[in-house]
Amino acid sequence: MTDTNTSEYTGPQRVFSGIQPTGNLHLGNYLGALKKFVDLQNDGWDCVYSVVDMHAITMPVEKGVLADQTRQIAAAFIACGIDPKKSIVYAQASVPAHAELAWVFNCVARMGWVERMTQFKDKAGKDAERASVGLFTYPVLQAADILAYKATHVPVGEDQKQHLELSRDIADRFNREYDVPGFFPLPEPLIKGPGARIMSLKDGTKKMSKSDPSDLSRINLVDDADLIAKKIKKAKTDLEGDMPSEVKGLEGRPEVENLVGIYSAVSGQSVEEVLAEYGGKGFGVFKPALADVMVAHLAPITQRFRDILADQSGIDAILRDGAEKANAIAAPIMEDVRRAVGYWRP
């Protein structure tokens, strides 16, 4: 890739991102993240994709399921088109640099910075004092995830831009505090294309989420054709009548805008083309058509996912190989961090 403005950093351009191994991946994960991961890989970026199992334990996890959930996310990465020969796919906890660098960054970051992170308030709720310290500081671990590889770019949704800003602040302060200008890049966001923010099928103002108690709120990547059709049929619309013919007609209709956006992202048609085809028609026409294009697009991915997941030894081999490659990048960077901090070295 060509160099871009990453402060004084002059090293290679690299993409990092990760997904937690909690719950089934859904359409929002696929269109908002995984599909873009594949596009970045195919565009020639140096990509590091992590199953962030360390982040998963910031909330209670059922005993004995984390390893299998990690395999499931890795299988989904590959089923969606990530090639372990082109991109690094690994489990976060298998690379010690994440934890070690997170501690250094805990000592670089300031309480006020972390207290401004809105997602802690959302996840901790009213009982914040009983939340784990890890849930509070996990944005600092996210910064370590990115900078352990000196990643210059991170594909993010709008809701993660605040955390990326924290990563930039930490990188900048480390570089200045330890007098190593340009050591860490200031990572930049990559936000592009339709489907970057897929909303709930039950509430067009809320993001589609694995944690929503209603399974009808999302399309899971493991859903079969009948279940997809059922969920689309039950998806909330509104009482304002038929499909609009123009983009302006989507204003104030978040559920309809969400369904049109999903159709656009899955089919490859523009929103304008979708509205030109279905404008003036009822949802009894549009919803079955949406279900059909979704099944056609997702069915091959679902089948690949199941086939890959059935070969546990194959998944484990991919994760081991990915951990070796990730460690090969992160270990020398951590050695330089230790020298910059001034630790005694043998």
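Residues numbered from 1 in each chain as written. Predicted model: local features only at pLDDT ≥ 70, side-chain atom pairs only at ≥ 80, totals over all residues. Heavy atoms only, no water.

K.L.:
Would you mind showing me how to read the overall build of the protein here?
P.N.:
When helices and strands are tallied, the protein shows 13 helices and five strands. Taking 2.2 N^0.38 as the reference for a compact globule, 346 residues should give roughly 20 Å; the C-alpha atoms of the protein span a radius of gyration of 21 Å, in line with that estimate. When the 346 residues of the protein are sorted by exposure, 48% land in the buried category. For the protein, the share of sequence-separated contacts (at least 6 apart) that also reach a separation of at least 24 residues comes to 75%. Put simply, the protein shows about 16,200 Å² of open surface, and 52% of that area lies on carbon and sulfur atoms. Of note, the protein has its 41 positive side-chain charges centred 3 Å away from the centre of its 47 negative side-chain charges. (Helix = DSSP H or I, 4+ residues; strand = E, 2+ residues; numbered from the N terminus. Rg over C-alpha atoms; globule rule 2.2 N^0.38 Å. Buried < 20%, exposed > 50% of the residue type's maximum accessible area, 1.4 Å probe, protein only. Contact = heavy atoms within 4.5 Å. Areas by Shrake-Rupley, 256 points an atom, 1.4 Å probe, with all protein chains shown as cover. Lys, Arg positive; Asp, Glu negative; His and termini not counted. Charge placed at Lys NZ, Arg CZ, Asp CG, Glu CD.)

K.L.:
Would you explain helix α1 (residues 27–42) in this entry?
P.N.:
Given 3.6 residues per turn, any residue in an α-helix points the same way as the ones three and four places further on. Taking the largest bend as the criterion, α1 deviates by roughly 30 degrees, centred on L34. In terms of burial, α1 is a largely internal element, 12 of the 16 residues being buried. Looking one or two residues past α1, G44 carries a phi angle of roughly 100 degrees, positive in sign. (Bend = angle between axes of the 7 residues up to and from the residue.)

K.L.:
Explanation requested: the packing of aromatic side chains in the structure shown.
P.N.:
Both the distance between ring centres and the angle between the ring planes are used here to describe each pair of aromatic rings. Applying the stated criterion across every chain yields a total of 14 aromatic pairs. A centroid spacing of 5.6 Å and a plane angle of 70 degrees characterise the contact between F105 and F184, whose relative ring orientation is edge-to-face. Of the two residues, F105 sits in helix α4 (residues 97–108) while F184 sits in the loop between α8 (161–177) and β5 (188–190), which places them 79 residues apart along the sequence. The exposure class assigned to F105 is buried, which follows from its relative accessible area of 0%. Exposure remark for F184: the relative accessible area of 1% places this residue in the buried category. Measuring from ring centre to ring centre gives 5.1 Å for F174 and F184, while their planes differ by 65 degrees; the resulting arrangement is edge-to-face. Here F174, found in helix α8, pairs with F184, found in the loop between α8 and β5; they are 10 residues apart in sequence, far enough to count as distant. Like F184, F174 is buried. Grouped by ring-pair contacts, the aromatic residues F105, F174, Y178, F183 and F184 constitute a single cluster. (Phe/Tyr/Trp six-rings, centres within 6.5 Å; stacked < 30°, edge-to-face > 60°.)

K.L.:
I would appreciate a short explanation of the pairing of strand β1 (residues 15–19) in the present structure.
P.N.:
One face of the sheet, then the other: side chains in a regular strand alternate in exactly this way. Summarising burial for β1: four of the five residues are buried, a large majority. Of the pairings in the sheet, the one linking β1 to strand β2 (residues 47–51) comprises five bridges and is parallel in character. Bridging across to β2, V15 finds its partner in C47. Once you follow β1 into α1 and on to β2, the crossover reads as right-handed. (Pairing = 2+ DSSP bridges. Right-handed = clockwise from strand over helix to strand, strands pointing away.)

K.L.:
Sorry if this is basic, but what is going on with the side chain of S17 here?
P.N.:
For S17, the location among the structural elements is in strand β1. Among residues more than four places away in sequence, those in contact with S17 are F37, V48, Y49, S50 and P155.

K.L.:
Would you take a moment to explain the packing of α1 against helix α10 (residues 254–267) for this structure?
P.N.:
Each packed pair of helices is defined by two parameters, the angle between the axes and the distance between the axes. Between α1 and α10, the least distance of the axes is 12 Å, while the angle of their chain directions is 50 degrees. As far as their axial angle goes, α10 and α1 are oblique. Considering how the two elements wind past one another, α1 and α10 form a crossing that is left-handed. Contacts between α1 and α10 involve L27, L31 and K35 from the former and I262, A265 and V266 from the latter. Of the residues that constitute the contact of α1 with α10, the class distribution is five nonpolar, no polar and one charged. (Axes fitted to C-alpha atoms, helices over the stretch in contact; angles between N-to-C directions. Parallel < 35°, antiparallel > 145°, perpendicular 65-115°, else oblique. Left-handed = near helix turned anticlockwise from the far one by under 90°. Nonpolar A, V, L, I, M, F, W, Y, C, P; charged D, E, K, R; others polar.)

K.L.:
Would you mind going over a positive patch on the surface with me for this structure?
P.N.:
On the surface, a cluster of positive charge is made up of K202, K230, K233 and K234. Among the secondary structure elements, K202 is positioned in the loop between β5 and α9 (225–234). Look at K202 and you get partly exposed, because its relative accessible area is 35%. (Patch = residues over 30% accessible without salt bridge, like charges linked within 9 Å, V, L, I, M, F, W, Y side chains within 5 Å. Salt bridge = Lys/Arg side-chain N within 4 Å of Asp/Glu carboxyl O.)

K.L.:
Honestly, the environment of V180 in this entry has me stumped. Any pointers?
P.N.:
Here V180 is to be found in the loop between α8 and β5. A sequence separation of 157 residues divides V180 from V337, and the C-alpha atoms of the two residues are 9.7 Å apart. Ignoring sequence-local partners within four residues, the contact set of V180 consists of F174, N175 and A340.

K.L.:
Is there a simple way to think about the side chain of D53 in this case?
P.N.:
For D53, the location among the structural elements is in helix α2 (residues 53–56). Of the side chains bearing the opposite charge, R71 lies closest to the buried D53, which forms no salt bridge; the N-O distance is 11 Å. At 2.9 Å, the side chain of D53 and the backbone nitrogen of A93 are in polar contact. Contact partners of D53, with chain neighbours within four places excluded, come to P21, L66, T70, A91, Q92 and A93. (Polar contact = N/O pair within 3.5 Å; in protein donor to acceptor, adjacent residues only side chain to side chain.)

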